[in-house]
Amino acid sequence: MLYSFDGRLFRKRAISLLVFFPTTVFAEVSDKEPSLFFVWAVGVVAAVICFVSACFRKWLALALAVLPLLWFISFFMDIHSADVGPFLYAEQGLSYYIQSCLSLILFISGTVLGLFMKK
């Protein structure tokens, strides 16, 4: 066998990495959250679907708005939680939160505009 795994050598290297390069240990939070492209895609697609469906039947728009609304609620509960929120803010910055809110506003305004449009 050319190389055998030595646990002691691995532990020494891991400890030295943790001591001299502590930023390598920093667990990323933003890779577990949806990207801004996905958040905008959900907002735009849901707004268009709810707007078009509201032009035909108002109850259909409200029925179709439930699923994206539940997604946005769970998304905002996740990014504003005490264990994820501060680390996500440190990684992504304020623009992630602002654009997430703008995507939600776009979805709500598309639905409301469709409900109050005249045929």
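Report on the accompanying structure. (Residues numbered from 1 in each chain as written. Predicted model: local features only at pLDDT ≥ 70, side-chain atom pairs only at ≥ 80, totals over all residues. Heavy atoms only, no water.)

## What about the overall build of the chain?
Line of reasoning, step 1. Within the chain, the regular secondary structure consists of six helices and zero strands.
Line of reasoning, step 2. Shown N-terminal to C-terminal, the secondary structure of the chain runs as helices and strands in the order α-α-α-α-α-α.
Line of reasoning, step 3. Here the chain holds 119 residues, and 26% of them are scored as buried.
Line of reasoning, step 4. Only carbon and sulfur atoms are counted for the fraction: they give 75% of the accessible area of the chain, which is about 8,700 Å². (Helix = DSSP H or I, 4+ residues; strand = E, 2+ residues; numbered from the N terminus. Buried < 20%, exposed > 50% of the residue type's maximum accessible area, 1.4 Å probe, protein only. Areas by Shrake-Rupley, 256 points an atom, 1.4 Å probe, with all protein chains shown as cover.)

## Some words on the pattern of salt bridges
Line of reasoning, step 1. The tally for this structure, following the rule as stated, stands at one salt bridge.
Line of reasoning, step 2. Note that Lys 32 is salt-bridged to Asp 31, the shortest N-O span being 3.1 Å. Neither Lys 32 nor Asp 31 differs from the other in exposure class; each is exposed. (Salt bridge = Lys/Arg side-chain N within 4 Å of Asp/Glu carboxyl O.)

## Comments concerning helix α4 (residues 66–79)
Line of reasoning, step 1. The end-to-end C-alpha distance of α4 is 20 Å, a good match for the 20 Å that 14 residues give at a rise of 1.5 Å each.
Line of reasoning, step 2. Tucked into the core, α4 has its buried residues touching α2 (36–56), α3 (58–64), α5 (85–92) and α6 (94–116). (Expected span 1.5 Å × (residues − 1). Contact = heavy atoms within 4.5 Å.)

## Side note on the environment of Thr 111
Line of reasoning, step 1. On the secondary structure map, Thr 111 appears in helix α6.
Line of reasoning, step 2. Once you skip the residues sitting within four places of it in the chain, Thr 111 turns out to touch Cys 50 and Ala 65.

## Description of the packing of aromatic side chains
Line of reasoning, step 1. Tallied over the full model, the rule gives nine aromatic pairs.
Line of reasoning, step 2. Plain terms: the ring middles of Trp 71 and Phe 75 are 5.2 Å apart, the flat faces sit at 5 degrees to each other, and that makes the pair stacked. Remark: Phe 75 and Trp 71 occur in helix α4; sequence separation between them is four residues, near one turn of the helix.
Line of reasoning, step 3. Using a relative accessible area of 3% as the deciding quantity, one classes Phe 75 as buried.
Line of reasoning, step 4. Each ring, one from Tyr 89 and one from Tyr 97, has its centre 6.0 Å from the other, and the planes form 45 degrees; the classification is tilted.
Line of reasoning, step 5. Each residue in the set Phe 38, Trp 71, Phe 72, Phe 75, Phe 76, Tyr 89, Tyr 96, Tyr 97 and Phe 107 is aromatic and connected to the rest through ring pairs, giving one cluster. (Phe/Tyr/Trp six-rings, centres within 6.5 Å; stacked < 30°, edge-to-face > 60°.)

## Points about a nonpolar patch on the surface
Line of reasoning, step 1. On the surface, Val 44, Val 48, Val 52, Phe 56 and Leu 106 cluster together into a nonpolar patch covering about 420 Å² of accessible area.
Line of reasoning, step 2. Broken down by element, the residue count for the nonpolar patch peaks at four residues, all from α2.
Line of reasoning, step 3. With respect to the element layout, Val 48 can be found in helix α2.
Line of reasoning, step 4. Using a relative accessible area of 48% as the deciding quantity, one classes Val 48 as partly exposed. (Patch = residues over 30% accessible without salt bridge, like charges linked within 9 Å, V, L, I, M, F, W, Y side chains within 5 Å.)

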